[in-house]
Amino acid sequence: MHLSSFFRSSAAVFSTSVLLRVVFLLYGLFQDAYSPMKYTDIDYFVFTDAARFISQGRSPYTRDTYRYTPLLAWLIYPTTWPGFWFSFGKVLFAIGDIVAGWMMFHILRSHQNMPLDRALKFASIWLLNPMVATISTRGSSEGLLGVIVIALLWAVLAKRVRLAGLLLGLAVHFKIYPFIYAASIIWWLDEDRIDQAKERKSKPKSSLLSRIISFVNSERLTLTIFSLFTFMGLNIVMYLAYGYPFLEHSYFYHLIRIDHRHNFSPYNTLLYLNSAPQGQSHPSFELERLAFLPQLLLSALMIPLALAKKDLPSTMLAQTFAFVTFNKVCTSQYFLWYMMFLPFYLPVSTLLSSRKTGIVALVLWVLGQALWLQQGYQLEFLGNSTFVPGLWTAGILFFVVNVGILGLIIRDVRAKETDPLRLKAAKKTS
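Residues numbered from 1 in each chain as written. Predicted model: local features only at pLDDT ≥ 70, side-chain atom pairs only at ≥ 80, totals over all residues. Heavy atoms only, no water.

An unreviewed UniProt entry annotates the protein as GPI mannosyltransferas-like protein 1 originating from Lindgomyces ingoldianus.

**Q** What is the right way to look at the environment of Phe323 in this model?
**A** Relative to the assigned elements, Phe323 resides in helix α18 (residues 312–326). Residue Phe323 is classed as buried on the basis of its relative accessible area of 10%. Through-space distance from the C-alpha of Phe323 to that of Leu296 is 7.1 Å; in sequence the pair is 27 residues apart. Ignoring sequence-local partners within four residues, the contact set of Phe323 consists of Tyr177, Ile180, Gln295, Leu296, Ser299 and Trp337. (Helix = DSSP H or I, 4+ residues; strand = E, 2+ residues; numbered from the N terminus. Buried < 20%, exposed > 50% of the residue type's maximum accessible area, 1.4 Å probe, protein only. Contact = heavy atoms within 4.5 Å.)

**Q** What's the story with empty space enclosed by the protein in this structure? I'm lost.
**A** Picture a little ball the size of a water molecule; that probe, rolled over the atoms, points out where space is still empty. Under the counting rule described, the total for this entry stands at one cavity of 30 Å³ or more. The computed volume of the largest cavity comes to approximately 70 Å³. Mapped by element, the contributors of at least two residues to the lining of the largest cavity are α18, α19 (335–339) and α23 (387–414). Considering each element in turn, the lining of the largest cavity owes the most residues, four residues, to α23. Of the residues contributing to the lining of the largest cavity, the split by class is eight nonpolar, four polar and no charged. (1 Å grid on protein atoms, 1.4 Å probe; cavity = no way out; pocket = protein on both sides within 12 Å on 5 of 7 lines; lining within 4 Å. Points joined across faces, edges and corners; volume = space filled by probe spheres on them. Nonpolar A, V, L, I, M, F, W, Y, C, P; charged D, E, K, R; others polar.)

**Q** Would you mind going over the environment of Phe387 with me for this structure?
**A** Residue placement: Phe387 occurs in helix α23. The exposure class assigned to Phe387 is partly exposed, which follows from its relative accessible area of 22%. When the C-alpha atoms of Phe387 and Gln375 are compared, they prove to be 8.4 Å apart, with 12 residues separating the residues in sequence.

**Q** Sorry if this is basic, but what is going on with the packing of aromatic side chains here?
**A** Any aromatic ring pair is given by two values, namely how distant the centres are and how the planes are angled relative to each other. In this structure the tally under the stated criterion is 28 aromatic pairs. Both rings, one in Trp85 and one in Phe88, keep their centres 5.4 Å apart while their planes meet at 45°; by these two values the pair is tilted. Ring geometry for Phe335 versus Phe398: centroids 6.1 Å apart, planes at 55°, classification tilted. Residue Phe335 is located in helix α19, and its partner Phe398 is located in helix α23; the two are separated by 63 residues in the primary sequence. It is Arg67 that lies over the ring of Tyr253; its NZ or CZ is 4.0 Å from the centre. (Phe/Tyr/Trp six-rings, centres within 6.5 Å; stacked < 30°, edge-to-face > 60°. Lys NZ or Arg CZ within 6 Å of the ring centre and 35° of its normal.)

**Q** Is there a simple way to think about the pattern of salt bridges in this case?
**A** When the charged atoms of two side chains lie near each other, side chains of opposite charge can form a pair. One pass over the full model with this rule turns up seven salt bridges. When the shortest N-O distance is used, the salt bridge between Arg138 and Asp41 registers 3.8 Å. Of the two residues, Arg138 is situated in the loop between α7 (130–137) and α8 (142–157) and Asp41 in the loop between α2 (10–34) and α3 (42–55); the sequence distance between them amounts to 97 residues. A relative accessible area of 10% means that Asp41 is categorised as buried. Two residues, Arg63 and Asp49, come together in a salt bridge whose shortest N-O distance is 2.9 Å. Here Arg63, found in the loop between α3 and α4 (70–75), pairs with Asp49, found in helix α3; they are 14 residues apart in sequence, far enough to count as distant. You'll find Arg63 and Asp49 in the same group, each marked buried. (Salt bridge = Lys/Arg side-chain N within 4 Å of Asp/Glu carboxyl O.)

**Q** Which parts of the structure should I look at to understand a nonpolar patch on the surface?
**A** Together, Ile212, Phe215, Val216, Leu221, Ile225, Leu228 and Phe229 line one region of the surface with nonpolar side chains, adding up to about 660 Å² of accessible area. Looking at the nonpolar patch, the elements with two or more residues in it are α12 (208–215) and α13 (218–242). Considering each element in turn, the nonpolar patch owes the most residues, four residues, to α13. Tracing the sequence through the fold places Ile212 in helix α12. (Patch = residues over 30% accessible without salt bridge, like charges linked within 9 Å, V, L, I, M, F, W, Y side chains within 5 Å. Areas by Shrake-Rupley, 256 points an atom, 1.4 Å probe, with all protein chains shown as cover.)

In structure tokens:
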């Protein structure tokens, strides 16, 4: 089939995305059986062990290093059944990938008015991406998170505010970081109309109190109430079922975690040093504990206020990119958090309109990872000390590359005059 005709058929694209994941799943079974280096991610064994403890009437936190909501262990409960069902979780995560891709395609078609072939091409950035397929079929749960986050985006664009609130609360319960989207969504949810813009300009400036009152509209209140009730309701249920360990491992742990393996963050070397016994016996000021300050300032405040009303999906990309780049722990799985927004940003981006810029950015992003992985392999597998200057320098260079790409994304979104998605959604409710 010719490539152009391939992207004119949604059946062809989605069938290929399914086949891609089936191939990876089968290859994973083969590698796990015959290779000393396993295909299955260590986290998947953590998930399935937690599910096994639940099947025995025990807490999922009986499994050391299980740092997730009990919902995840319940979702993969069938892995406790004998035979092939051990791979049920991988199948579920892969299905999640595909459903997320279908929702991306739907948003591109219905909200960005893309023709079929163009929408399929951009959705394929996720659907036919080997990195996305590999991570889910190895047993990472990011595919499920992708479904929730993209469904949240769809619900907001479609002005299904109650559903959006439920999904936002569920997303934050499932994994903490989606709380950053609340600021963008609330800022985006106003009652502006095209025909009201000129009217506001002709009126005198309103008082601060009237601005506050107008800001607190019904949609913003509804989103806030439904998201808080969903988030708190799930937490109460889980706390009643599993007690304080639920709070400790699902939330509090992430405030003090010092994971250092496979961590691309520039804080990586500090985390290595602080994880050593001698470092713990001589407590001192730990710079990496302040990492959340620039991270949250950018991702949860400055970027939403500056960009959300111009382009919500691209703003969510910029938020996630900033959150991952400035996080003290950054692994390959985290890249999926922002990759799911690329189909919405790339169509009108500098990275595509200027081929040279796009190629340079992609090459630098890949080379930055390759350099770090080479140094990390020397350290973690061969036992060679590559902390300074190798690993530290590689982490800094990758950070600089990501900051540069983030700058391009922000510049592109700022250059937009108006968000057509917000205006279209507003018209539907007027």
